Amino acid sequence: MSKTLAYAAQSPTTPLAPFSLDRRTPGPTDVEIEILFCGICHSDLHTARGEWPGTVYPVVPGHEIVGRVTSVGSEVTRFAPGSNVGVGCLVDSCRTCANCKEGLEQFCDAGMVGTYNAPDKHTGGVTYGGYSKRIVVDQDFVLTIADGTHLPAVAPLLCAGITLYSPLHHWKAGPGKKVGIVGLGGLGHMGVKIAHAMGAHTVLFTTSANKVEDALRMGANEVVISRDEAQMTAHANSFDLIVNTVAAAHNLDPFIALLKRDATMVLVGAPDSPHPSPGVFPLIFRRRSIAGSLIGGIAETQEMLDFCNQHGIVSDIELISIDKINEAYDRMLKSDVKYRFVIDMSTLR
Ligand code: NAP
Ligand code: ZN
Ligand code: ZN
C-alpha cells in the first residue's frame, strides 16, 4: 500500500476536501496510472451527497479518468510505462458469469466493481475513484487512448460517452432513424455528437433556451424546447428512439407521445426520486416501450473510444482546478455546465 492525495466527501453535507488514501501495491496483472484529468459526472454528485442509497464515507468520486501509465505488473502485455490510458466506471467484475463472458461486465451477476464506492477485495475497504493523483487497476479494465488526442476532452467519454454510445448502438441509431436526446448536459451533449456521427436525424430536447446554438453546432438537426407544448406536439408519433439523460424526476408522458409505433424511450438519467408513473394508454396504443441502459462493457467502451477518435468527437469541457469542485457541483444542479467539468489533476498538490 502507498498513500495517494485525493479529494473526498466525509458526509452528505460536507464539501469535498483534501484526503489521503491508500492504493494497493501493483500486482502482476495491474497497471499503475498517474491520473492527469478526471471528468465530473452527475453520478459523482448523487453519490457524494448521499442522494442514492449506499454511499460509504469518506467517498472519493471520479470515473472519467485519463492518465499515463507509470508502471506495469510482470504479466501485463498490453500497456507499458508512458502510454495514455483511460479508466471508466468499473474496475473489476466476476469475469465468469454469462454477462461477463458476453463482455457486458456492467451487468455482472455478482455485481460489477465500480471505480468508487464499491467493495474492494484488495484492500478490504471500498474503491476510491479518480479525484486523486494515482490509481492501480487490473489491465483488463484499462482502456487505450489514441496518441495525439486532447486528453482532458477525452476524459468524459469514459462515462458520458459510453453511456450514450451503448443505447444508441443497441437500439440501432443510424441513417433513416429519427433519434431524440433529452437534456444537454454531460451525457446529452455526447449523445448529440454520437447520434449525429452515427448518421441519425438528431433532435435535442432542452429546458434551456440558451443552449440551442450549441446543440446545433454539436450536430443536432433540430432543437425542441421541451417546456413548449406546441413545439413538442409538432413531433408527435415521429421518433424511432429517444434517450433521456435528465438527472431529475419529471413527467415522461410528453416524450412517450413523440415515439412512433414500437419505438423506445431509454432512460439513462438516474434521479434520486422516481419519475411520476407514466400513463399506460400512450404505451399500449402504439406498443411503445420504456427501457433503461447502464454505461457499457469494457470492449464496447474501447469500441466507443475508437469510434469517437475516428469521427473527431471529444467532449466540450470546462477545465477546473480541484479546489473549484464544490462550485462545479452547485453549477451542475443549475444545469449550468458547458458541457462537462474536467479536473486538471496537476492542481492537486
Ligand atoms: P448533467 O450534466 O447535470 O446534465 C443533466 C441535464 O438534464 C441538464 O443539463 C439539463 O439539461 C437537464 N435537466 C436537469 N434538471 C432538469 C429538470 N429538473 N428538468 C428537466 N431537465 C433537467 O448530468 P449528467 O452527468 O449528464 O448525468 C445525467 C444523469 O444520468 C444523472 O442522473 C446521472 O447520475 C445519470 N447517469 C447515468 C448513467 C447510466 O449508466 N445510466 C451513467 C452516467 C450518469 P437542459 O438544460 O438541456 O434541459
Ligand atoms: Zn458517470
Ligand atoms: Zn460476472
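What you see is a predicted model; the values in this text were computed from it and never measured. In this convention, every chain numbers its residues from 1, walking through the sequence in written order. For naming, the first written chain is A and the first written ligand is 1, with later ones following in the order written. Local features in this predicted model are restricted to residues whose pLDDT is 70 or higher, and side-chain atom pairs enter the listing and the counts only when it is 80 or higher, whereas totals over whole chains, interfaces and linings include all residues. As a rule here, side-chain values come from all non-hydrogen atoms in the structure, and water together with hydrogens is ignored.

Colleague: Just checking my understanding: could you explain the coordination of the zinc ion (ligand 2) for this structure?
Modeller: Tetrahedral coordination by four donors puts the ideal angle at the metal at 109.5 degrees, and octahedral coordination by six puts it at 90 or 180 degrees. Surrounding the zinc ion (ligand 2) are the protein donor atoms Cys41 (SG), His63 (NE2) and Cys159 (SG), which sit 2.0 to 2.2 Å from the metal. Distances decide who is a donor: an N, O or S atom must be within 2.8 Å of the metal, or within 3.2 Å for Na, K and Ca. Water is not included, so sites may look incomplete. Within one chain, the residues serving as donors to the zinc ion (ligand 2) are arranged as C-x21-H-x95-C. Here His63, found in the loop between α1 (42-48) and β4 (65-72), pairs with Cys159, found in the loop between α3 (151-154) and α4 (160-170); they are 96 residues apart in sequence, far enough to count as distant. Where helices and strands are cited, they refer to DSSP runs of H or I of at least four residues and of E of at least two residues respectively, numbered from the N terminus.

Colleague: Whenever I open this one, the packing of aromatic side chains confuses me. Can you help?
Modeller: Here a ring pair, both rings aromatic, is described through the centre-centre distance and the interplanar angle of the planes. Two rings from Phe, Tyr or Trp (for Trp, the six-membered ring) form a pair when their centres are within 6.5 Å of each other. A pair whose planes differ by under 30 degrees is stacked, one over 60 is edge-to-face, and the rest are tilted. Enumeration over the complete set of coordinates arrives at five aromatic pairs. Between Phe19 and Tyr128, the ring centres sit 5.9 Å apart and the planes meet at 65 degrees, which makes this aromatic pair edge-to-face. In this pair, Phe19 sits in strand β2 (residues 17-23) while Tyr128 sits in the loop between β7 (113-114) and β8 (134-138), placing the two residues 109 residues apart along the sequence. Throughout this description, buried means an accessible area under 20% of the type-specific maximum (1.4 Å probe, protein chains only), exposed means over 50%, and partly exposed covers the range between. Among the residues examined, Phe19 registers a relative accessible area of 17% and is labelled buried. Ring geometry for Phe205 versus Phe239: centroids 5.5 Å apart, planes at 50 degrees, classification tilted. Of this pair, Phe205 sits in strand β11 (residues 201-206) while Phe239 sits in strand β13 (residues 239-244); the two residues are 34 residues apart in sequence, bridging distant segments of the chain. Accessibility assignment for this pair places Phe205 and Phe239 in one class, buried. Chaining the aromatic ring pairs together yields one cluster made of Phe205, Phe239 and Phe255.

Colleague: What is the right way to read helix α5 (residues 186-197) from this model?
Modeller: Residues lying three or four places apart along an α-helix face the same way, a consequence of the helix completing one turn every 3.6 residues. Look at α5: 17 Å from first C-alpha to last across 12 residues, which is about the 16 Å you get at 1.5 Å a residue. Burial analysis of α5 places 10 of its 12 residues in the buried class, which makes it a mostly covered element. All of the buried residues along α5 are Gly186, Leu187, Gly188, His189, Met190, Gly191, Val192, Lys193, Ile194 and Ala195. Residues count as neighbours in contact if any of their non-hydrogen atoms are within 4.5 Å of one another. On the buried face of α5, the contacting elements are α4, β10 (178-182), β11, α6 (212-218), α10 (298-311) and β17 (340-344). Following α5 by one or two positions, Gly199 has its phi on the positive side, about 100 degrees. Take the number of residues in a helix, subtract one, and multiply by 1.5 Å to get its expected span.

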